[in-house]
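# Examination of the molecular architecture
Chain by chain, the residues:
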Amino acid sequence: MASRINPRFAAHASPAAIDHAIREADAASRRYALKADALRRLLDARREQVAAGTWPSKDDHAQPTAAPSGPVTPTSR
């Protein structure tokens, strides 16, 4: 894992800077875990809809088959 730490940071970071980096990494890890959990719930729900024959909706004409690449903004929808 040490190979993912910037060598200059590893050589010169203060204990406070290292502690801060740990807190940032832990927060990012929690955010990604929450996103993965939400995506798993969505996948389970979608599979249930497909099995029930309720997805895709007859009203939906164009449905994306993959997640959009890049950030979704009000103007990119």
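Further up the page is the structure itself.
For the structure given in this document, a descriptive report is provided here. All figures in this text were calculated on a predicted structure; none of them were measured in a lab.

### Considerations on the overall build of the protein
Regarding its fold elements, the protein presents 2 helices and 0 strands. Sorting the 77 residues of the protein into buried and exposed places 0% on the buried side. Carbon and sulfur atoms provide 59% of the accessible area of the protein, an area that totals close to 7300 Å².

### Section: helix α2 (residues 15–52)
Residues lying three or four places apart along an α-helix face the same way, a consequence of the helix completing one turn every 3.6 residues. Between its first and last C-alpha, α2 extends 55 Å over 38 residues, near the 56 Å set by a 1.5 Å rise per residue. Backbone geometry just downstream of α2 places Gly53 in the positive-phi region, at approximately 80°.

### So, the pattern of salt bridges
Taken as a whole and judged by the stated rule, the model has 2 salt bridges. Between Asp19 and Arg23 there is a salt bridge; the shortest N-O distance is 2.3 Å. One end of the pair, Asp19, and the other, Arg23, are both in helix α2, 4 residues apart, so they sit about a helical turn from each other. Taking relative accessible area as the criterion, Asp19 reaches 38% and is therefore assigned partly exposed. According to the relative accessible area criterion, Arg23 is partly exposed, its value standing at 46%.

Reading the values: the criteria
Residues numbered from 1 in each chain as written. Predicted model: local features only at pLDDT ≥ 70, side-chain atom pairs only at ≥ 80, totals over all residues. Heavy atoms only, no water. Helix = DSSP H or I, 4+ residues; strand = E, 2+ residues; numbered from the N terminus. Buried < 20%, exposed > 50% of the residue type's maximum accessible area, 1.4 Å probe, protein only. Areas by Shrake-Rupley, 256 points an atom, 1.4 Å probe, with all protein chains shown as cover. Expected span 1.5 Å × (residues − 1). Salt bridge = Lys/Arg side-chain N within 4 Å of Asp/Glu carboxyl O.

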